[in-house]
Amino acid sequence: MTEPIETTKLYIGGAWVEPHSTEVLEVFSPATGEKVGSVPLADEQDVDAAVRAARASFDAGVWRNTPPAQRAAVIRRAAELINERGADIGALVSAEMGATPGDVATLQQLAGTGVLNAYADAAEAYEWEEKRTGIFGETLVVREPVGVVGAIIAWNVPLFLFCNKFGPALAAGCSIVLKPAPETPLNANLLAELFTEAGVPEGVISIVPGGIETGQALVNHPDIDKITFTGSTRAGRAIAATCGDQLKRCSLELGGKSAAIVLDDADIAASAPMLVFSGILNSGQACVAQTRVLVPRSKHDEVVDAMVTVASTFTPGLPTDPETKVGPIINSRQHEKVTGYIAKGKKEGATAVLEVPAPEIGTGNFVGPTIFTGVTNDMTIAREEIFGPVISVIAYDDVDEAIAIANDSDYGLAGSVWTADVAKGVEIAKQIRTGTMGINWYAIDPSSPFGGYKKSGIGRENGREGLESYLEHKAILMPMGYTS
Ligand code: NAD
C-alpha cells in the first residue's frame with residue numbers, strides 16, 4: 001500500500017452517496033501502524049437509507065424475480081472479477097488485517113470465490129418449486145427469498161466472510177446491507193463495487209461501515225427480515241436476543257475451541273505440518289483453529305517434538321516480508337489478550353515448550369507460535385478462545401477419553417481426527433458434537449454445510465443448507481381433486 005485510501009462517500013444501493021454522518025472511521029495497519037485509509041462511519045440515518053434502498057429494490061422485485069440461473073451467472077462473474085483484481089484486493093486486505101498476501105490469496109480469495117461459485121451451483125440445482133401429494137391431494141411448495149438481509153462480519157477473514165454473506169443472500173434473491181468490521185471496511189467497499197460491475201441491480205446491495213452502534217442500528221431496523229452474523233459468541237448472544245425480541249430470522253457463526261484428535265496409529269511426521277497449520281493459521285485468528293491437540297500418552301513426546309520442529313519455522317513478521325509466516329495480531333487490545341492467555345497458561349501450570357520470539361518491529365503486535373504441554377482440559381487456555389497462535393497439547397489414555405475431552409467444550413465448530421484408519425476416523429468424527437470435522441487434515445468445503453453446535457452458532461452456511469438459510473418455504477394447497 002502506498003497512499004491511504006480516503007473515501008468520503010458511502011456505497012448505498014450500488015452507488016456512492018453523501019453520508020448523513022460526519023464521523024470518520026480511520027483504518028491503520030496492524031503491522032506498521034501506518035494509515036491504510038478512512039471511510040465515513042455510517043450512523044442510524046445512513047443505515048436507514050441503506051435499508052430503505054434494499055427494501056424498495058426487494059419489493060420492486062428487480063433481483064428476486066431474476067431467474068436463479070441468471071442470479072448464479074452474476075455471482076460467478078463477481079467471483080471472476082475478484083480473481084482478476086486478486087492482487088489489488090489481496091494487498092488491501094493484507095494492509096487492513098495483517099495476514100500475508102499469500103495467506104489472503106488462499107484462506108480468503110480462493111475460499112471466498114469458492115463459496116461464491118458453490119452458491120451459484122446450489123442456486124442452479126435447487127428445487128425452487130416442488131409438487132407434493134398429501135392427504136388433501138396436491139400442494140405446491142415454493143421457496144422464496146427471506147427478504148432484506150442485514151449482514152455483520154468480523155475482521156479476521158473479511159474477504160471470505162463478505163463472500164459468504166453476499167453469495168447466499170444474492171443466490172436466494174435477497175437484498176443485502178452489510179456492515180464490515182471497523183478494522184476492515186475498505187475491502188468491503190471495493191468488493192461491493194465488483195458485484196455491481198458483475199450485474200447486481202440498483203438498490204440491492206449496500207455497505208454501512210461502523211462499529212457496534214452501526215451494527216445495532218442494522219439489527220434493530222424494522223425493515224430487516226434476517227440478520228446473518230459472524231463474530232464473537234458474546235456479540236452473537238446480544239444480537240440473537242434482539243432478533244428474538246423482534247422475531248427476526250437470525251443465523252450466527254460464532255467462536256470455537258476445536259480439538260484435533262491424534263490416534264496412536266497416525267503418521268506423525270506427515271501430520272505435524274497440517275496439525276500446526278490448523279492450530280495457528282491466520283496467526284491463530286481463525287474460528288476453526290484446532291487449538292486443542294489431543295495426543296495418546298504413549299505418543300505424546302513424539303507428537304510434541306514433531307510439532308515444535310514445524311512450528312519453529314513459522315516466523316512472525318511484517319506481512320510484506322516474504323519470510324513471514326505469521327502476521328501481526330489485529331490490534332494492541334487483542335495482543336494484550338493473547339499474551340495474557342499465555343501468562344495465564346503458565347500460571348495455571350502448563351509448560352510452554354515453544355515460544356517463538358516476537359520481533360520488535362512496527363506496532364509490536366506480534367506473537368510467535370506458542371505450544372503448551374501439560375495442559376488439562378479445565379485450564380483457561382483449553383476452555384477459552386484465545387484467537388492467537390497458541391496450541392495446547394492435552395494427553396489422553398484411551399480413545400473414549402479423547403472423545404470426552406473433545407466434547408467437553410462450550411463450543412462445537414470444527415475438529416479433526418488423525419489416523420491411518422480412515423473408517424475409524426469417521427466413526428470418531430461422528431461422536432464429536434461439532435459442525436465440521438476433517439480426517440488427517442482440515443478445510444471448509446464450500447459445497448457442504450458449515451456452522452456450529454452449542455455456543456459456536458445457530459444455522460449453517462455453504463452449499464444447499466447455506467442457501468436455504470436465506471429462504472422462506474411456502475405451501476400452496478391446490479383445490480381438492482385438482483391434478484396439474
Ligand atoms: P466481534 O463480535 O467483536 O465483532 C464482530 C462484528 O460484530 C463487528 O463487525 C462488530 O462491529 C459487530 N458487533 C459487535 N457487537 C455488536 C452488537 N452488539 N450489535 C451489532 N454488531 C456488533 O468479533 P471480532 O472480534 O470482530 O471477531 C472475532 C470472533 O469472530 C471470534 O470469536 C471468531 O471465532 C468469530 N468468527 C467466527 C466465524 C465463524 O464462521 N463461525 C468466522 C470468523 C470469525
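The model shown is predicted, which means the values in this text are computed figures rather than measured ones.

(A) Molecular detail of the packing of helix H3 (residues 86–97) against helix H4 (residues 101–125). Contact pair H3 / H4: the axes reach a minimum separation of 9 Å and the direction vectors enclose 105°. Viewed along their axes, H3 and H4 adopt a mutual orientation that is roughly perpendicular. Of H4, the residues touching H3 (which contributes Gly 86, Gly 90, Val 93, Ser 94 and Met 97) are Pro 101, Val 104, Gln 108 and Gln 109. Split by residue class, the contact of H3 with H4 holds four nonpolar, five polar and no charged.

(B) Representation of empty space enclosed by the protein. Enumeration according to the criterion identifies four cavities of 30 Å³ or more in this entry. One number sums up the size of the largest cavity: a volume of about 90 Å³. Forming the walls of the largest cavity are 17 residues, and the residues nearest its centre are Arg 292, Ala 406, Tyr 411, Gly 412 and Ala 414. Listed by contribution, the elements that provide at least two residues to the lining of the largest cavity are helix H13 (399–407) and strand E18 (411–412). Across the lining of the largest cavity, the residue classes break down as six nonpolar, seven polar and four charged. Approximately 50 Å³ is the volume found for the second largest cavity. Lining the second largest cavity, in full, are Gly 256, Lys 257, Gly 284, Ala 286, Ala 289, Thr 291, Glu 385, Ile 386 and Phe 387. Grouping the constituent residues of the lining of the second largest cavity by class yields four nonpolar, three polar and two charged.

(C) Quick look at the pattern of salt bridges. Summed over all chains, the structure comprises 22 salt bridges. Across the pair Arg 52 and Asp 48 runs a salt bridge, and its minimum N-O distance is 2.9 Å. One end of the pair is Arg 52 and the other is Asp 48, both in helix H1 (residues 44–60) and four residues apart, which spans about a single turn. We classify Asp 48 as partly exposed; its relative accessible area is 25%. Salt bridges linked by common partners bring Glu 6, Glu 26 and Lys 35 together as one network.

(D) Here's a closer look at the site of the ligand. If you check the shell around the ligand, you find 29 residues, and the closest are Ile 153, Lys 179, Ser 232, Leu 254 and Glu 385. Ser 232 is positioned with one of its side-chain polar atoms (N or O) 2.6 Å from an oxygen atom of the ligand. Taking Leu 254, its main chain carries an N or O atom lying 2.8 Å from a nitrogen atom of the ligand. For the ligand, the protein covers 91% of the area, taking 840 Å² as the surface of the free molecule. Of the residues assigned to the shell around the ligand, the class counts are 17 nonpolar, eight polar and four charged. Mapping the shell around the ligand onto the domain boundaries places at least three of its residues in each of domain 1 (5–254 + 457–474) and domain 2 (259–446).

(E) Molecular detail of the UniProt feature "domain: Aldehyde dehydrogenase" (unreviewed entry) in the chain. Mapped onto the present numbering, the UniProt feature "domain: Aldehyde dehydrogenase" (unreviewed entry) falls at residues 16–476. Each end of residues 16–476 is marked by a C-alpha atom, and these two atoms are 41 Å apart; helix forms 41% of the span and strand 20%.

(F) Here's a closer look at the sheet that holds strand E1 (residues 5–6). Strand order across the open sheet formed by three strands is E1-E5-E4, with mixed pairing between neighbours. Each having just a single partner strand, E1 and strand E4 (24–28) make up the two edges of the open sheet. Alignment of E1 against strand E5 (residues 35–40), held across two bridges, turns out to be parallel. What sits directly across from Ile 5, in E5, is Gly 37. Where H3 meets the sheet, its contacts fall on E1, E4 and E5, and the angle it forms with E5 comes to roughly 95°. Contacts from helix H6 (residues 186–198) reach E1, E4 and E5 within the one sheet, and its direction differs from that of E5 by about 65°.

What counts and what doesn't
- Residues numbered from 1 in each chain as written.
- Predicted model: local features only at pLDDT ≥ 70, side-chain atom pairs only at ≥ 80, totals over all residues.
- Heavy atoms only, no water.
- Axes fitted to C-alpha atoms, helices over the stretch in contact; angles between N-to-C directions.
- Helix = DSSP H or I, 4+ residues; strand = E, 2+ residues; numbered from the N terminus.
- Parallel < 35°, antiparallel > 145°, perpendicular 65-115°, else oblique.
- Contact = heavy atoms within 4.5 Å.
- Nonpolar A, V, L, I, M, F, W, Y, C, P; charged D, E, K, R; others polar.
- 1 Å grid on protein atoms, 1.4 Å probe; cavity = no way out; pocket = protein on both sides within 12 Å on 5 of 7 lines; lining within 4 Å.
- Points joined across faces, edges and corners; volume = space filled by probe spheres on them.
- Salt bridge = Lys/Arg side-chain N within 4 Å of Asp/Glu carboxyl O.
- Buried < 20%, exposed > 50% of the residue type's maximum accessible area, 1.4 Å probe, protein only.
- Near = heavy atom within 4 Å.
- Polar contact = N/O pair within 3.5 Å; in protein donor to acceptor, adjacent residues only side chain to side chain.
- Areas by Shrake-Rupley, 256 points an atom, 1.4 Å probe, with all protein chains shown as cover.
- Domains from an automatic or database assignment.
- UniProt positions renumbered as here; feature names shortened; annotations may be inferred.
- Pairing = 2+ DSSP bridges.

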